[in-house]
Amino acid sequence: MARADRQDRSNREQKEDPELIEKLVGINRVAKVVKGGRRFGFAALVVVGDGRGRVGHGAGKAREVPEAIRKATEQAKRSMVRVPLREGRTLHHDIKGDYGAGHVILRSAPSGTGVIAGGPMRAIFESLGVQDVVAKSTGSSNPHNMIKATFAALNKIGSPRLVAAKRGKKVAEVFGRNSNDANSPSQEK
């Protein structure tokens, strides 16, 4: 039974591959000192998304660049998360994220603003399908920490429907638009 589930999952992943947006964030050359000198390898950092609210990140190391990118891409596909988007173009609310020394601030933006974000954060938003967002990295400029801090922030984002479900209320009550409320200003007069 488990083997059949695994095969179904791998078949689904292969069908989804053509739709995914892959962004290579960075490649580093790393050296290992051995008896005969240095042995060089490569570390790749990749962001993968479907452009409709799912995104993941991965890191891979290998002796050759294509192999490192392939490993990072596979890890990114396995670590994909769903992020709720408002109108399919921006975030629902402003949020801060931290990971190690990396600190990021993500703000929703009105239509037409575009993606105002630097480096690795831009790759995440483009893969995610966000069209309007303002982001600022206030901590480390290390791409690994920036990406992980951004994902920490994105994982904290909640849609109004999700918040209402957690509180056991209706979406209108979460926004404070309840017309039956006795304390509303329109009924005080």
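Residues numbered from 1 in each chain as written. Predicted model: local features only at pLDDT ≥ 70, side-chain atom pairs only at ≥ 80, totals over all residues. Heavy atoms only, no water.

Enquirer: Is there a simple way to explain the overall build of the chain in this structure?
Expert: Within the chain, the secondary structure is distributed over 7 helices and 8 strands. A burial count over the chain gives 33% of its 189 residues as buried. Here the contacts in the chain between residues at least 6 apart in sequence split such that 54% fall between residues at least 24 apart. Entry remark: accessible area of the chain is about 11,900 Å², with carbon and sulfur atoms responsible for 48%. (Helix = DSSP H or I, 4+ residues; strand = E, 2+ residues; numbered from the N terminus. Buried < 20%, exposed > 50% of the residue type's maximum accessible area, 1.4 Å probe, protein only. Contact = heavy atoms within 4.5 Å. Areas by Shrake-Rupley, 256 points an atom, 1.4 Å probe, with all protein chains shown as cover.)

Enquirer: Which parts of the structure should I look at to understand the side chain of Arg 89?
Expert: Within the fold, Arg 89 resides in the loop between strand E4 (81-82) and strand E5 (95-99). Given a relative accessible area of 13%, Arg 89 falls into the buried group. Here the side chain of Arg 89 touches Asp 132 through a polar contact of 2.9 Å, side chain to side chain. Non-local contacts of Arg 89, meaning those with residues more than four positions away in its chain, are made with Ala 109, Pro 110, Ser 111, Val 130, Gln 131 and Asp 132. (Polar contact = N/O pair within 3.5 Å; in protein donor to acceptor, adjacent residues only side chain to side chain.)

Enquirer: Looking at this structure, I do not really get the pattern of salt bridges. What am I missing?
Expert: One side chain can pair with another of opposite charge once the charged atoms of both are near each other. Under the criterion given, the structure shown has 8 salt bridges. Residue Arg 70 pairs with Glu 74 through a salt bridge whose shortest N-O separation is 2.6 Å. Linking Arg 70 with Glu 74, this pair stays in helix H2 (residues 65-78), spanning 4 residues, or about one helical turn. Residue class for Glu 74 comes out partly exposed when judged on its relative accessible area of 37%. The closest approach of N and O atoms between Asp 132 and Arg 89, which form a salt bridge, is 2.9 Å. Remark: Arg 89 occurs in the loop between E4 and E5 and Asp 132 occurs in the loop between helix H3 (119-128) and strand E8 (133-137); sequence separation between them is 43 residues. Taking the relative accessible area as the measure of exposure, Asp 132 reaches 5% and is therefore buried. (Salt bridge = Lys/Arg side-chain N within 4 Å of Asp/Glu carboxyl O.)

Enquirer: Help me out: how do you make sense of the sheet that holds E5 in this one?
Expert: The strands making up a sheet associate through hydrogen bonds between their backbones, and the pairing can be parallel or antiparallel. With mixed pairing, the 4 strands of this open sheet are ordered in space as E5-E6-E8-E7. Strands at the two margins of the open sheet, each flanked by one partner only, are E5 and strand E7 (115-116). As defined by bridge partners, E5 adjoins strand E6 (residues 102-108) across 5 bridges and the pair is classed as antiparallel. Bridge pairing links Asp 98 to His 103 in E6. Set on the sheet, H3 makes contact with E6, E7 and E8; between it and E8 the angle comes to about 150 degrees. Packed onto the sheet, helix H4 (residues 143-156) meets E5, E6 and E8 and runs at close to 135 degrees relative to E5. (Pairing = 2+ DSSP bridges. Axes fitted to C-alpha atoms, helices over the stretch in contact; angles between N-to-C directions.)

Enquirer: Just to check I follow, could you spell out the sheet that holds strand E1 (residues 21-34) for this structure?
Expert: Within the open sheet, the 4 strands sit side by side as E1-E2-E3-E4. Their pairing is antiparallel. The two strands at the open ends of the sheet, each matched to only one other strand, are E1 and E4. Where strand E2 (residues 37-49) lies against strand E3 (residues 54-62), 8 bridges are found, and the strand directions are antiparallel. Residue Ala 44 lies in a different strand from E3, and its bridge partner there is Gly 60. Along the sheet, H2 contacts E1, E2 and E3; its crossing angle with E3, the most-contacted strand, is approximately 145 degrees.

Enquirer: I would appreciate a short explanation of the pairing of E2 in the present structure.
Expert: In this structure, E1 lies alongside E2, joined through 13 bridges in antiparallel fashion. Bridge assignment links Ala 31 to a residue of E2, and that residue is Phe 40. Between E1 and the antiparallel strand that follows it, E2, lie 2 residues. Linking E2 to E3, which pair antiparallel, is a turn of 4 residues; within it Gly 51 sits at a positive phi near 75 degrees.

Enquirer: Help me understand the packing of aromatic side chains in this model?
Expert: Any aromatic ring pair is given by two values, namely how distant the centres are and how the planes are angled relative to each other. Inspection of every chain in the model, using the stated rule, returns 0 aromatic pairs. A cation over an aromatic ring shows up here: Arg 29 above the ring of Phe 40, its NZ or CZ 4.1 Å from the ring centre. (Phe/Tyr/Trp six-rings, centres within 6.5 Å; stacked < 30°, edge-to-face > 60°. Lys NZ or Arg CZ within 6 Å of the ring centre and 35° of its normal.)

Interpretation in functional terms is not warranted from these geometric data alone.
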